[in-house]
Amino acid sequence: MTEPFTALTSRTVVLPATNIDTDQIIPARFLTTTTRTGLGAHLFADWRYDEAGRPRPDFVLNRPESAGCRILVAGRNFGCGSSREHAPWALLDQGFRAVVSTEIADIFRNNSLKNGLVPVIVDERTSDWLLAHPGAELTLDLAAATLTLPTGVAVRFPVEPFAQHCLLHGIDELGYLLSLGREIEAYERTR
Amino acid sequence: MALLARTLFEKVWQRHEVAAETAATPAVLYIDLHLIHEVTSPQAFTLLRERGLAVRRPDLTLATMDHSTPTRTAQVFGGAPITIESAARQIRELEQNCAQAGVELLGLESEQRGIVHIIGPELGLTQPGKTIVCGDSHTSTHGAVGALAFGIGTTEVGHVLATQCLLQRKPRTLAVEVEGKLREGVSAKDLILAIIGRLGVAGGTGHVIEYRGPTVRALDMDERMTVCNMSIEAGARAGMVAPDDTTYAYLAGRPRAPRGAAWERALDEWRALPTDPGARFDRELRLDASQVEPMITWGTNPGMVVPVTGAIPDHRGDAVYARALSYMGFEAGQPIRDRPVNVVFIGSCTNARLSDLRSAARLLRGRHIARGITMLVVPGSQQVKRQAEAEGLDRVFLEAGAEWRESGCSMCLGMNGDTVARGEYAVSTSNRNFEGRQGAGARTLLASPLTAAASAVRGRITDPRELL
């Protein structure tokens with residue numbers, strides 16, 4: 001049983017770069033961990049800290065207005081690259097619960113859904129507006145699959161129905177797979 | 001009822017549906033081979049322990065260690081401690097997890113150890129028609145034999161350990177049709193870089209690619225693996241090549257391939273796998289291989305690629321390009337040729353098989369790398385290492401001034417002690433040129449083993465055809 005996903009209202013943090021890959025989200029040198037906790041400190045490490053490990057004041061996550069923001073808005077094709085689930089773990093540990101882009105890479109999207117980080121794919125126009133309005137307060141309604149802008153416009157986004165159901169009710173997908181034990185056994189007998 | 005013409009992908013997918021997808025639920029897909037490694041499995045084993053679950057099919061699971069393992073002989077075989085303490089812990093944890101779960105582990109000192117995507121085919125475990133997953137995006141490599149193979153996250157690693165199944169929505173299909181003969185000095189790596197240049201880094205998102213056409217049929221297995229390996233760099237989780245006589249000749253006699261009557265039965269099944277005439281793909285891309293030149297990336301994703309004879313593209317005013325240029329320290333319009341190089345890396349699941357090492361050695365034989373260049377040659381597996389040494393390739397590399405290491409992911413992702421220093425330029429035969437991929441601030445140019453070796457000799461980006 002995981003925590004059900006309830007409605008989310010938050011200001012945004014904006015990273016306009018396109019093709020933000022998982023090596024940017026969490027560089028490989030932090031992957032020698034054997035737990036899933038504590039990765040938020042390394043989120044976007046190479047953009048966030050200078051060579052001496054000091055926070056770069058101009059990087060958006062280091063600015064005071066980013067504190068408490070739970071929605072990340074990014075340029076096209078967010079999360080491309082490796083299959084490391086450490087990427088959504090790091091974003092969640094930092095406090096993010098949703099990522100908004102016009103395109104989100106397949107493996108990252110799957111990994112996010114399994115951890116309660118909602119991947120929100122929007123059209124170019126919505127994305128352009130969001131990229132141009134950092135800090136905008138948005139409301140994400142997962143049940144309705146809508147993202148509501150401060151202008152009052154509610155944009156629908158696609159979400160895989162099973163993952164949506166699991167997130168809304170705090171059902172874990174492994175529990176569902178385990179409930180199919182007899183079907184799996186029957187399949188194995190045909191091999 | 002007339003049989004519907006199906007693609008290779010559809011045949012493998014349908015054969016593995018424990019339950020087909022519905023509007024409300026994804027398909028339940030059975031997994032024939034689950035490969036695990038030290039970096040993306042520990043949290044999955046923890047999940048199983050927390051839930052009191054056993055590994056359902058240890059016999060369909062194989063573990064090895066490659067990502068965080070050192071490549072220096074003393075650290076691998078004792079004599080010196082592993083420099084990165086957290087990596088050493090991760091390695092020990094995999095050993096414990098496998099021992100407890102009864103999963104076979106090709107451990108640090110095993111003769112069969114290597115990069116997970118190199119050893120699967122090498123052992124003959126990677127077979128046509130199988131579903132293969134691993135917590136690593138380059139699992140697409142195994143599609144070269146006609147398997148459906150893709151990378152998964154750690155939660156899904158847990159799902160497969162516990163149930164041998166995955167919940168999946170059916171992807172779309174993309175045919176990449178390649179015609180024309182590859183020119184001298186142009187390799188499979190150049191071909192896939194050219195394909196990614198055409199598709200873009202998100203062009204394959206949501207799709208499984210089938211590489212087809214006479215050029216693909218003419219590739220040997222190592223080359224097909226190089227092509228399928230980088231499918232994910234175009235956003236596609238899986239790439240496949242239909243099995244044929246090249247595939248069967250490669251697999252015959254491998255330690256874990258079927259034998260005797262089982263081999264004959266397997267062959268009958270495998271021969272039915274190729275895409276039926278008239279089967280439809282959701283999308284198609286055509287490419288003329290005879291026009292492909294040696295390719296090299298200039299930017300910070302694998303789609304930012306030009307012929308080695310070309311110039312860095314000029315897209316003034318585009319913020320994405322400006323950012324990549326600034327990271328790489330390049331200027332728009334500059335020729336890529338003759339740019340200075342600091343490091344050359346021959347290795348990774350993309351290009352560390354025996355034929356890749358032969359190709360690099362062909363260029364280095366009787367030559368020396370340029371002054372000031374660091375060159376690492378890292379075989380993809382311990383077996384590749386032994387084979388290369390039996391042919392004397394290690395001598396060629398050492399005499400040329402390169403380092404010869406134990407197998408592993410090494411410098412491809414800089415988490416095992418092998419890194420490129422900040423600001424330095426590395427020509428790498430690996431698969432990702434993302435910012436910081438090979439080390440914080442490192443600048444990566446992806447190329448073939450031939451181009452990498454030629455650039456090591458000259459100390460500058462070099463068209464390998466000048467040295468052949």
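Check the entry above for the structure.
Report follows, based on the coordinates. (Residues numbered from 1 in each chain as written. Chains lettered and ligands numbered in written order. Predicted model: local features only at pLDDT ≥ 70, side-chain atom pairs only at ≥ 80, totals over all residues.)

## Notes on the overall build of chain A
Summing up its helical and strand segments, chain A has eight helices and seven strands in all. At 18 Å, chain A has a C-alpha radius of gyration in line with the 16 Å of a compact globule built from 191 residues. Structurally, chain A occupies a C-alpha span of about 60 × 45 × 25 Å along its principal axes. Across the 191 residues that make up chain A, the buried fraction comes to 44%. (Helix = DSSP H or I, 4+ residues; strand = E, 2+ residues; numbered from the N terminus. Rg over C-alpha atoms; globule rule 2.2 N^0.38 Å. Buried ≥ 20, exposed ≤ 12 C-beta atoms within 10 Å, placed from the backbone.)

## Considerations on the interface of chain A and chain B
Frequently, the measure chosen for interface size is the accessible area that the parts lose on association. Taken together, the 43 residues of chain A in the interface contact 54 residues of chain B. A class-by-class count of the residues in the side of chain A that touches chain B yields 15 nonpolar, 14 polar and 14 charged. (Contact = placed C-beta atoms within 7 Å. Nonpolar A, V, L, I, M, F, W, Y, C, P; charged D, E, K, R; others polar.)

## So, the sheet that holds strand β12 (residues 283–288) of chain B
Residue and element names in this part refer to chain B. Within the open sheet, the four strands sit side by side as β11-β10-β9-β12. Their pairing is parallel. Single-partner strands in this sheet number two, and they are β11 (238–240) and β12. The mean angle between the axes of side-by-side strands here comes to 20 degrees, regardless of whether they run parallel or antiparallel. Across six bridges, strand β9 (residues 172–179) lies against strand β10 (residues 207–212) in parallel orientation. When the bridges of β10 are listed, Thr173 appears paired with Val208. The strands touched by helix α7 (residues 188–199) are β9 and β12; relative to β12, the strand with the most contacts, the crossing angle is about 130 degrees. (Pairing = 2+ DSSP bridges. Axes fitted to C-alpha atoms, helices over the stretch in contact; angles between N-to-C directions.)

## Examining the sheet that holds strand β17 (residues 403–404) of chain B
All names here are of chain B. Here we have five strands laid out as an open sheet, ordered β17-β16-β15-β18-β19, and parallel in their pairing. The open sheet has two edge strands with one neighbour each: β17 and β19 (443–446). One ladder, built from four bridges, connects strand β18 (residues 425–428) with β19; its direction is parallel. In the strand pairing of β19, Ser428 is matched with Leu446.

## A short note on the packing of helix α2 (residues 42–51) of chain B against helix α6 (residues 154–163) of chain B
Residues and elements named next belong to chain B. Relative to each other, α2 and α6 sit at 50 degrees, their axes nearing to 8 Å. Relative to α6, α2 is oriented oblique. In terms of crossing hand, the pair formed by α2 and α6 is right-handed. In this structure, α2 uses Gln43, Ala44, Leu47 and Leu48 to contact α6, whose residues at the interface are Thr154, Val157, Gly158, Leu161 and Ala162. Residue composition of the contact of α2 with α6, by class: six nonpolar, three polar and no charged. (Parallel < 35°, antiparallel > 145°, perpendicular 65-115°, else oblique. Left-handed = near helix turned anticlockwise from the far one by under 90°.)

## Regarding the packing of α7 of chain B against helix α9 (residues 221–229) of chain B
Residue and element names in this part refer to chain B. One can describe the packing of α7 onto α9 by two numbers: an axis separation of 9 Å at closest approach and a directional angle of 25 degrees. Here α7 lies roughly parallel to α9, going by the angle between them. The element α7 and its partner α9 pack so that their crossing is right-handed. Here Ala188, Lys189, Leu191 and Ile192 of α7 come into contact with α9, specifically with Glu223, Thr226 and Val227. In terms of residue class, the contact of α7 with α9 is built from four nonpolar, one polar and two charged.

## Observations regarding the nonpolar core
Formed by 195 residues in total, the largest nonpolar core has its most connected members in Leu91 and Val99 of chain A together with Ile296, Val344 and Val377 of chain B. At eight residues, the largest contribution of residues to this core is made by α7 of chain B. Leave out the neighbours within four places in its chain, and Val99 of chain A touches Leu72, Ala74, Phe78, Leu91, Ile104, Ser112, Leu117, Pro119 and Val120 of chain A. (Core = buried A, V, L, I, M, F, W, Y, C linked by C-beta atoms within 7 Å.)

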